[in-house]
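Listed here are the chains, written in short residue letters.
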Amino acid sequence: MISLKINQDLQLKAMSSCNKEDALHLIRRDASGNDFLGWMDLPQAITEKEICKIQQVANRLRRLADMVIVVGIGGSYLGARAVISAIRGELNEDKPEVIYAGHQLSQDYMHALLQQMEQKDYAIIVISKSGTTTEPAVAFRLLKQHCETKYGKAGAKERVVCITDAKKGALKSLANNEGYDTFVIPDDIGGRYSVLTPVGLLPIAAAGCDIQQLVQGAVDMKIALSHLDDSNIALQYAAMRNYFLQQGKNIEVMASFDSRFYYFIEWWKQLYGESEGKEGKGLFPAGLLYTTDLHSMGQYMQEGQRLFFETFLSLKHSNHTCEVPYDEANLDGLNFLSGKTLDDINHEAEKATILAHEQGGVPTVKLEIEAMNEYHLGQLIYFFEYACGLSAYMLKVNPFNQPGVEAYKNNMFALLQKPGYEDKYEQIQAAIKNLL
Ligand code: PA5
């Protein structure tokens, strides 16, 4: 089970100052956003039959493709990327490789991807709950055309899978028209809480990861969090975050000594940033990877403005062992480390950093998982989702909407003269001229 290590004094202060009554809205399901709570029951609600269907389609894609392209943005791709990259690691040569598209608009990235698609056999999983988000929709138009040219309409039908709303949106109509396999994102689950729906599970299964274990980890975490008393680690984490915010620590830095957590931290940033950053409120979620970033941001963390607290996302055991060898000549002077594993050294580096940062005025807490596998990642996902709901309600914001995301979209649509936005074009152009 995940463990949360918070200094006892801090825990007492956080628990006594936090707004538990507001956090309870999550359990009572009686506050704004309560129509988006499907994720809370999800680990148990997802049936064996659904998991089997996801696995079957994933197996077909694995058989057909050397490369699976996952098209989506925000909550529609980050959860899958978090799990796949944590399980596979950076230097993997696992097949099929998983490539992402539609998470940005870089032309050269798309050009390079289209070139790779010439060389390799591929499958496409396109994910959009609304079915209308510009970035994945534009990417999918390009990829679909390539796929149909390369494999024909019938071939594309085998290789394209859509994950979208049950009834509405352009992607739904397109999938119906083309006869693509489709999975549904339930109405009551928002993008960033959707990892345990087909949104996350299909790409994760297509990458060869064990989705049953992922779901089982989430089930066990749900059970572990079922009593909202002071021993509940999600409540402790949420309370601590809000306590630090009240103390003027406006930034939470999620730091890890394992680079496989890079995209997991990206997922966490999106989950908390989009759920809490509204109405002028919310901690700014930032991420660092150590020891790499100790040689870049380490200086700031130690001695810069005291704006933040730090949560260490810590891994107890690596999956493999790597020992520092003995060297007779000892020219590098490292024989004092011989016989130690890289884990031994990394764990001491972590302790040393925690102490240094505490002494430098950065409060720290530690969240530890036993091992990097699907089961423990499933626990972590449910833990962070649950704690995020509690934390946002403590902050008195709706954790499940993201009204602010519309601002750039409206400007962009006006600038691109999307039908319906023509009358705003002049006004937005003039405003931009004043700025740039
Ligand atoms: O968490 C969210 O709701 C968002 O990040 C969405 O996932 C993101 O904007 C993509 O939306 P859609 O799935 O509708 O394309």
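The structure presented is a predicted model; accordingly, all values stated were derived computationally and were not measured. (Residues numbered from 1 in each chain as written. Predicted model: local features only at pLDDT ≥ 70, side-chain atom pairs only at ≥ 80, totals over all residues. Heavy atoms only, no water.)

Enquirer: It is not clear to me how the overall build of the protein chain should be interpreted in this structure. Could you clarify?
Expert: When helices and strands are tallied, the protein chain shows 18 helices and ten strands. Structurally, the protein chain occupies a C-alpha span of about 60 × 60 × 50 Å along its principal axes. Every one of the 436 residues in the protein chain was classed for burial, and the buried ones make up 52%. Approximately 20200 Å² of the protein chain is accessible, and the part contributed by carbon and sulfur atoms is 52%. A gap of 6 Å separates the mean positions of the 42 positive and 54 negative side-chain charges of the protein chain. (Helix = DSSP H or I, 4+ residues; strand = E, 2+ residues; numbered from the N terminus. Buried < 20%, exposed > 50% of the residue type's maximum accessible area, 1.4 Å probe, protein only. Areas by Shrake-Rupley, 256 points an atom, 1.4 Å probe, with all protein chains shown as cover. Lys, Arg positive; Asp, Glu negative; His and termini not counted. Charge placed at Lys NZ, Arg CZ, Asp CG, Glu CD.)

Enquirer: How should I be thinking about the site of the ligand in this particular structure?
Expert: Around the ligand sit 13 residues in total, of which S76, S128, S130, T133 and Q270 are the nearest. Interatomic distance of 2.7 Å between a side-chain N/O atom of S130 and an oxygen atom of the ligand. At 3.4 Å from an oxygen atom of the ligand is found a main-chain nitrogen or oxygen belonging to G191. Compared with its free state, where it exposes 380 Å², the ligand has 88% of that area covered by protein. For the shell around the ligand, the residue count by class is one nonpolar, nine polar and three charged. (Near = heavy atom within 4 Å. Polar contact = N/O pair within 3.5 Å; in protein donor to acceptor, adjacent residues only side chain to side chain. Nonpolar A, V, L, I, M, F, W, Y, C, P; charged D, E, K, R; others polar.)

Enquirer: Any chance you could explain the sheet that holds strand β7 (residues 251–256) here in plain terms?
Expert: Strand pairs in the sheet, formed through backbone hydrogen bonds, run parallel or antiparallel to each other. The five strands are arranged β1-β10-β9-β7-β8 in an open sheet whose pairing can be described as mixed. Of all strands in the sheet, those with a lone pairing partner are β1 (3–5) and β8 (284–289), marking the two edges. Neighbour-to-neighbour, the strand axes of this sheet turn through a mean angle of 20°, independent of strand direction. Sheet topology note: the β7/β8 ladder contains six bridges and is parallel. Bridged to E252 within β8 is P285. Contacts between helix α12 (residues 233–246) and the sheet are confined to β1, β7, β9 (308–317) and β10 (364–371), with β9 contributing the most and set at about 150° to the helix. (Pairing = 2+ DSSP bridges. Axes fitted to C-alpha atoms, helices over the stretch in contact; angles between N-to-C directions. Contact = heavy atoms within 4.5 Å.)

Enquirer: Is there a simple way to think about helix α6 (residues 78–88) in this case?
Expert: Side chains three or four residues apart in an α-helix point the same way, a direct result of the helix having 3.6 residues per turn. The buried fraction of α6 amounts to ten of the eleven residues, a majority that puts the element mostly inside the structure. L78, G79, A80, R81, A82, V83, I84, S85, A86 and R88 are the residues of α6 that are buried. Summarising the contacts, the buried residues of α6 are in contact with β3 (97–101), α10 (198–206), α11 (211–224), α13 (262–276) and α16 (374–394). At the C-terminal side of α6, G89 shows a positive phi close to 80°.

Enquirer: How should the nonpolar core be read in this particular structure?
Expert: Counting residues in each nonpolar core, the largest one holds 101 residues, and the members touching the most others are W39, Y237, F261, F264, W267 and F384. By residue number, the principal contributor to this core is α16, which donates 13 residues. Composition of this core by domain shows at least three residues from each of domain 1 (3–30 + 216–394) and domain 2 (35–209). With near-sequence residues (within four places) excluded, Y237 lies in contact with L4, E252, M254, W268, Y272, T311, F383, F384 and A387. (Core = buried A, V, L, I, M, F, W, Y, C linked by side-chain atoms within 4.5 Å. Domains from an automatic or database assignment.)

Enquirer: Would you mind going over the side chain of H376 with me for this structure?
Expert: By the secondary structure assignment, H376 is in helix α16. Non-local contacts of H376, meaning those with residues more than four positions away in its chain, are made with I369, E370 and A371.

Enquirer: Teacher, can you tell me more about the domain arrangement of the protein chain here?
Expert: How big an interface is tends to be reported as the loss of accessible area on association of its parts. In terms of domains, the protein chain is made up of domain 1 (3–30 + 216–394) and domain 2 (35–209). On a C-alpha basis, the centres of domain 1 and domain 2 stand 29 Å from each other. Across the contact, 26 residues belong to domain 1 and 24 residues belong to domain 2. Summed over both sides, the interface of domain 1 with domain 2 buries roughly 2500 Å², with 65% coming from carbon and sulfur. In terms of surface lost to domain 2, no three residues of domain 1 exceed R29, Y263 and E385, which account for 24% of the buried area on that side. (Buried area = accessible area lost by both parts, 1.4 Å probe.)

Enquirer: Whenever I open this one, the sheet that holds strand β4 (residues 122–128) confuses me. Can you help?
Expert: The five strands lie next to each other as β3-β2-β4-β5-β6, forming an open sheet whose pairing is parallel. In this open sheet, the two edge strands, each paired with only one partner strand, are β3 and β6 (181–184). Between one strand axis and the next, the sheet turns through 20° on average, direction left out of account. Bridging between strand β2 (residues 67–71) and β3 involves five bridges; their strand directions are parallel. Residue V70 lies in a different strand from β3, and its bridge partner there is Y100. Helix α8 (residues 134–159) rests against β2, β3, β4 and β5 (160–164) of the sheet, and its axis sits at about 135° to β4.

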